[in-house]
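# Tertiary structure, described
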Amino acid sequence: SDKKAVVLVPGKINPRVLERLEGKVEIVTVPAGAEPVLPEGAAERINAIAVSGVVNAKWIDALPKLEIIANFGVGYDGVDAKHAATRGVVVTNTPDVLNDEVADTTIALLINTVRRLYQAETWLRDGKWVGEGPFALSPFSLRGRKVGLFGMGRIGQEIAKRLEPFKVEIGYHTRSKRDELSYTYYGSLKEMAETVDTLICIVPGTPETHKAINADVLTALGPEGVFINVGRGSSVDEDALLEALKSGALGAAGLDVFYAEPKVPEAFLSLPNVSLLPHVASASVPTRNAMADLVADNILGWFRDRKVLTPVPETPVKA
Ligand code: NDP
């Protein structure tokens, strides 16, 4: 048709999304926020949202002509997909194109945490190698570890594959066992935490996974235990994590995601046994470009012939 679709972009998004959409749709940018704030007359014209952040029920209900929400990222816990489904609004995410990048980063974070490489580099950069001598030996090693993955989906499986050549034992906990995989399956997170000494969290942020990694789980990993989070900060009881790291009940943690990010509790910064990243697991130019293309292609496909590449399970659409 000759009338261009109107796409709302609340807050910041990768510029390539806008470049890809430019000229093909009309773009309306607004500040991000829990409450919808829109220019005069815009609400009745919006047909799509491209977002890296929050789209709650209030936003969805404020837009009577909304057809599709294209989320930048595979995790779409910021989008109320269940509510979108009740309104017949399609939600898409960006699966698969980031699996390898996120899995690579996870391995890097694991090794950084276990071998304290960040602190070691800081030692060199601060001139202490010359002044004070060699950096202290890392208390832990990856050698002989038993690793348990909480989550064994698209990304979890790539992490597991990468762990194989490191000669560690590999197991996982999910709600349903994957019979095609040879890794050890654990029926509960607690049972897995009692058996392994290294836990990697790569589950989505959902009501079910909310604070699933609690004091019990962290303590079960033990004083030599290592916890790595590349899933969502909401899956962890952060107070319990801080307490376990301070007391030594847990050995170390490597975190890419936080409960109230970008705010990171001050207490983490002074701990020697943590490695902290600002949610960068997929954050390379090539991978973010691939994600941006998928966001744009979902929107353009929808308005071309009502086809999307990657709908989420809550809002299925025939390809
Ligand atoms: P998938 O949907 O492919 O896999 C999710 C896995 O989690 C499945 O194995 C699923 O198994 C398991 N799972 C879900 N709910 C539960 C539960 N309640 N208890 C136990 N296991 C559960 O997702 P992806 O691998 O593509 O991505 C996973 C998540 O990683 C994303 O949702 C996102 O939040 C996060 N992520 C973080 C990034 C970062 O920058 N740090 C980058 C990319 C992703 P089952 O259904 O059998 O339980």
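In what follows, the accompanying structure is described. (Residues numbered from 1 in each chain as written. Predicted model: local features only at pLDDT ≥ 70, side-chain atom pairs only at ≥ 80, totals over all residues. Heavy atoms only, no water.)

### Here's the deal with the overall build of the protein
Counted only if it meets this: The numbering of helices and of strands both runs from the N terminus, where a helix is a DSSP run of H or I of at least 4 residues and a strand a run of E of at least 2. The reference for a compact globule is 2.2 Å times residues^0.38; the radius of gyration itself is calculated from the C-alpha atoms. Here's how the labels work: a residue is buried when its accessible area is under 20% of the maximum for its type, exposed when over 50%, partly exposed in between, all with a 1.4 Å probe on protein chains only. Accessible areas in this description were obtained via Shrake-Rupley with a 1.4 Å probe; residue shielding takes into account the shown protein chains only. Positive charges are assigned to Lys and Arg, negative charges to Asp and Glu, while His and the chain termini are left out of the count. Each charge is placed at NZ for Lys, CZ for Arg, CG for Asp and CD for Glu.
A tally of regular secondary structure across the protein gives twelve helices and twelve strands. Over its C-alpha trace the protein gives a radius of gyration of 22 Å, about what one expects of a compact globule, namely 20 Å for 319 residues. With the principal axes as the frame, the protein shows a C-alpha extent of 70 × 50 × 35 Å. For the protein, the residues scored as buried account for 47% of the 319 residues in total. A total of about 15700 Å² of accessible surface is found on the protein, and carbon and sulfur atoms cover 54% of it. With 35 positive and 40 negative side-chain charges, the protein shows a separation of 3 Å between the mean positions of the two kinds.

### Things to note about the site of the ligand
Applied cut-off: Residues are labelled near a given molecule or strand when at least one of their non-hydrogen atoms is within 4 Å of it. The definition of a polar contact used here is a pair of N or O atoms within 3.5 Å, where within protein one atom must be able to donate a hydrogen and the other to accept one, and adjacent residues in sequence count solely through side-chain atom pairs.
Near the ligand you find 25 residues, and of these Met152, Arg154, Arg175, Ser176 and Asp256 are the closest. Arg232 has a polar side-chain atom sitting 3.4 Å from an oxygen atom of the ligand. Here a nitrogen atom of the ligand and a side-chain polar atom of Asp256 are 2.9 Å apart. Considering the ligand on its own, with 930 Å² of exposed area, one finds that the protein chains cover 88% of that surface.

### Some thoughts on the packing of helix H4 (residues 99-115) against helix H7 (residues 154-163)
Test applied: To obtain each axis, a line is fitted to C-alpha atoms, and for helices this fit is confined to the stretch in contact; angles are then taken between N-to-C directions over 0 to 180 degrees. Working rule for angles: under 35 degrees goes down as roughly parallel, over 145 as roughly antiparallel, 65 to 115 as roughly perpendicular, anything else as oblique. We call a crossing left-handed when the near helix sits turned anticlockwise from the far one by less than a right angle, and right-handed when that turn is clockwise. We call two residues in contact when some of their heavy atoms are within 4.5 Å. When residues are sorted by character, Ala, Val, Leu, Ile, Met, Phe, Trp, Tyr, Cys and Pro go into the nonpolar class, Asp, Glu, Lys and Arg into the charged class, and all the rest, Gly among them, into the polar class.
The N-to-C vectors of H4 and H7 enclose an angle of 50 degrees; their axes lie 8 Å apart at closest approach. By the criterion of interaxial angle, the relationship of H4 to H7 is oblique. H4 and H7 meet at a crossing whose hand is right-handed. Residues Asn99, Asp100, Val102, Ala103, Asp104, Thr106, Ile107 and Leu110 of H4 lie in contact with H7, whose contacting residues are Arg154, Ile155, Glu158, Ile159, Arg162 and Leu163. Of the residues assigned to the contact of H4 with H7, the class counts are seven nonpolar, two polar and five charged.

### Quick look at the pairing of strand E3 (residues 48-51)
Applicable threshold: At least two DSSP bridges between two strands are required for those strands to pair.
The two faces of E3 match: Ala48 and Ala50 on one face and Ile49 and Val51 on the other face are all buried. Note: strand E1 (residues 6-10) against E3, two bridges, orientation parallel. If you follow Val7 over to E3, its bridge partner there is Ala48. Bridge count for E3 against strand E4 (residues 68-71) is four bridges, and the pairing is parallel. Residue pairing for E4: Ile49 is matched across the bridge by Ile69.

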